[in-house]
Amino acid sequence: GLASISSASFTSFFTLLLNPWMLRACERTLAMAAHPLRLAIVGDVHDDWNAIQDAKALQFLEPDLVLFTGDFGEENVELVRDISNLDFPKAVILGNHDAWWSTYKLIHFLLTSLPDSGLKLQLTRLGKAHVGYSRLDFAKLKLSVVGGRPFSSGGQSLSAPRLCKRRYAVRNLKESAEKITAAALQAPPEHSLVFLAHNGPAGLGSQSHDICGKDWIQEGGDHGDSDLETAIAAVKQKGLKVPLVVFGHMHQSLQLGPILERTMVVFSDRTVYLNAAVVPRVRNKMISQTGSLHRNNLLDGVGRFGKEVESKHDTEHSGTSLAGALNRLDWGIGITERHFVLVDFDDGEVKKIKEVWVAIGDGACTDEQKILYSSDSVPASS
């Protein structure tokens, strides 16, 4: 009996040594220390960004890392410059609108040859923060962000093929999947992997209200990126965990009824898929000193990792209390509310996802929040 146990143990150990990917997966699991993180996700911007107000909102939310799903505007260089100057750790993927003019056939070669073309200026401004077909490692966070295919507009074809070939030597979806996979497999073994793409992966449903479903035709259809689906599957086959995939492109509000909003979060094969594209991401609101915003529980749960936060005394998080901010506003004064998705991450797993609207007046406060996902509600067998 002892001999058979020793033999089996030796065989298992020898097999592990011969399989470097399994060994790498074990290293990743063993080295991953309990380290709570907060990620702030900014979905498709579409020109709705204010450098001062959005920076104030992020300072209030206190994220460790900010992820942007792209579509800042139609090659809106000035806005992307403001994003690049943001004083937070960040990772960005450019969307199809960010290469809007550079994808037209008749002017593509002219635009891409100019030193100051909009696309080139955006990529130069972002530098390493743009993770398209690459990876950005955050050593202090023990987290790596793996970029999907940039400029994607979804569907079963290679969006912006000339740009992909010229800038990334990618000629088809197979090469695209291989490039994404290669970037992921070189991440430090102790890091958690987060995939960031403009459009989500295929395979998550074909109904119009599904997370990547076609909402402009009655019969629906899967509009996800098959190369991203292939890359994620390839990484998992190597024994690596992919706890979170973040993307946008497919807006929450559907073009066709009767369902008005699409699914934003899907949990499948131990991976959370998050579509953060709420467009427009900025809304205006009129409030008063005694208006509906004045609720004592307004900030409950926004404090990090279970910390109690009360609207009357939350000077640490917002620099001002909600009541104080309201007292300085008269009847009929307008404020803007800015959309973010917060992901609480701990021990290499997604613990909670909240959709929040941050109201910007004299200070910053949360007006509305909605829990989109909680690991406590996921069955153990999932």
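What you are looking at is a predicted structure, and each value in this text was computed from that prediction instead of being measured. (Residues numbered from 1 in each chain as written. Predicted model: local features only at pLDDT ≥ 70, side-chain atom pairs only at ≥ 80, totals over all residues. Heavy atoms only, no water.)

Caption draft 1: View of the pattern of salt bridges. Scanning all chains against the criterion turns up 15 salt bridges. The closest approach of N and O atoms between arginine 338 and aspartate 54, which form a salt bridge, is 3.0 Å. Placement of arginine 338 in strand S11 (residues 333-346) and of aspartate 54 in helix H3 (residues 51-61) is noted, with a sequence separation of 284 residues between them. For arginine 149, the salt bridge goes to aspartate 227, with nearest N and O atoms at 2.7 Å. In this pair, arginine 149 sits in the loop between strand S5 (143-147) and helix H7 (161-168) while aspartate 227 sits in helix H9 (residues 226-237), placing the two residues 78 residues apart along the sequence. One exposure class covers both arginine 149 and aspartate 227, and it is buried. (Salt bridge = Lys/Arg side-chain N within 4 Å of Asp/Glu carboxyl O. Helix = DSSP H or I, 4+ residues; strand = E, 2+ residues; numbered from the N terminus. Buried < 20%, exposed > 50% of the residue type's maximum accessible area, 1.4 Å probe, protein only.)

Caption draft 2: The nonpolar core, seen in detail. Core analysis: the largest hydrophobic core is formed by 59 residues, its most contacted members being Trp49, Phe68, Phe72 and Phe195. Counting residues in hydrophobic clusters, the runner-up holds 30 residues, among them Ile41, Leu244, Val246 and Leu274. (Core = buried A, V, L, I, M, F, W, Y, C linked by side-chain atoms within 4.5 Å.)

Caption draft 3: Quick look at the environment of glycine 203. Checked against the element boundaries, glycine 203 lands in the loop between strand S6 (192-196) and H9. Distance in space between the C-alpha atoms of glycine 203 and glutamate 229 is 7.0 Å, their sequence separation being 26 residues.

Caption draft 4: Here's a closer look at the packing of helix H6 (residues 118-126) against H7. In the contact formed by H6 and H7, the axes pass within 14 Å of each other and the chain directions differ by 50°. Our classification of the angle between H6 and H7 gives oblique. The two elements H6 and H7 cross, and the hand of that crossing is right-handed. Contacts between H6 and H7 involve Leu119, Lys120 and Leu123 from the first element and Leu163, Arg167 and Tyr168 from the second. Its residues placed into classes, the contact of H6 with H7 shows four nonpolar, no polar and two charged. (Axes fitted to C-alpha atoms, helices over the stretch in contact; angles between N-to-C directions. Parallel < 35°, antiparallel > 145°, perpendicular 65-115°, else oblique. Left-handed = near helix turned anticlockwise from the far one by under 90°. Contact = heavy atoms within 4.5 Å. Nonpolar A, V, L, I, M, F, W, Y, C, P; charged D, E, K, R; others polar.)

Caption draft 5: How the structure looks around the pairing of strand S4 (residues 135-138). The alternating pattern of S4 places Leu136 and Phe138 on a buried face, while none of Arg135 and Asp137, on the opposite face, is buried. With four bridges joining them, S4 and S5 adopt antiparallel strand pairing. Bridged to aspartate 137 within S5 is serine 144. Between the antiparallel neighbours S4 and S5 lie four residues, among them lysine 142 with a positive phi of about 55°. (Pairing = 2+ DSSP bridges.)

Caption draft 6: Highlighting the packing of helix H4 (residues 77-84) against H6. One way to put it is that H4 packs onto H6 with a least axis distance of 9 Å and a crossing angle of 5°. In terms of axis orientation, H4 runs roughly parallel to H6. Contact residues: H4 offers Val77, Val80, Arg81 and Ser84, while H6 offers Gly118, Leu121, Gln122, Arg125 and Leu126. Looking at side-chain class alone, the contact of H4 with H6 contains four nonpolar, three polar and two charged residues.

Caption draft 7: Layout of the packing of aromatic side chains. Going through the model one piece at a time under the given rule, you end up with five aromatic pairs. When the centroid spacing of 5.6 Å and the interplanar angle of 65° are considered together, the rings of tryptophan 49 and phenylalanine 68 count as edge-to-face. Remark: phenylalanine 68 occurs in strand S2 (residues 65-68) and tryptophan 49 occurs in the loop between strand S1 (37-42) and H3; sequence separation between them is 19 residues. For tryptophan 49, a relative accessible area of 11% puts it in the buried group. Aromatic ring contacts, followed pair by pair, group Trp49, Phe68 and Phe72 into a single cluster. (Phe/Tyr/Trp six-rings, centres within 6.5 Å; stacked < 30°, edge-to-face > 60°.)

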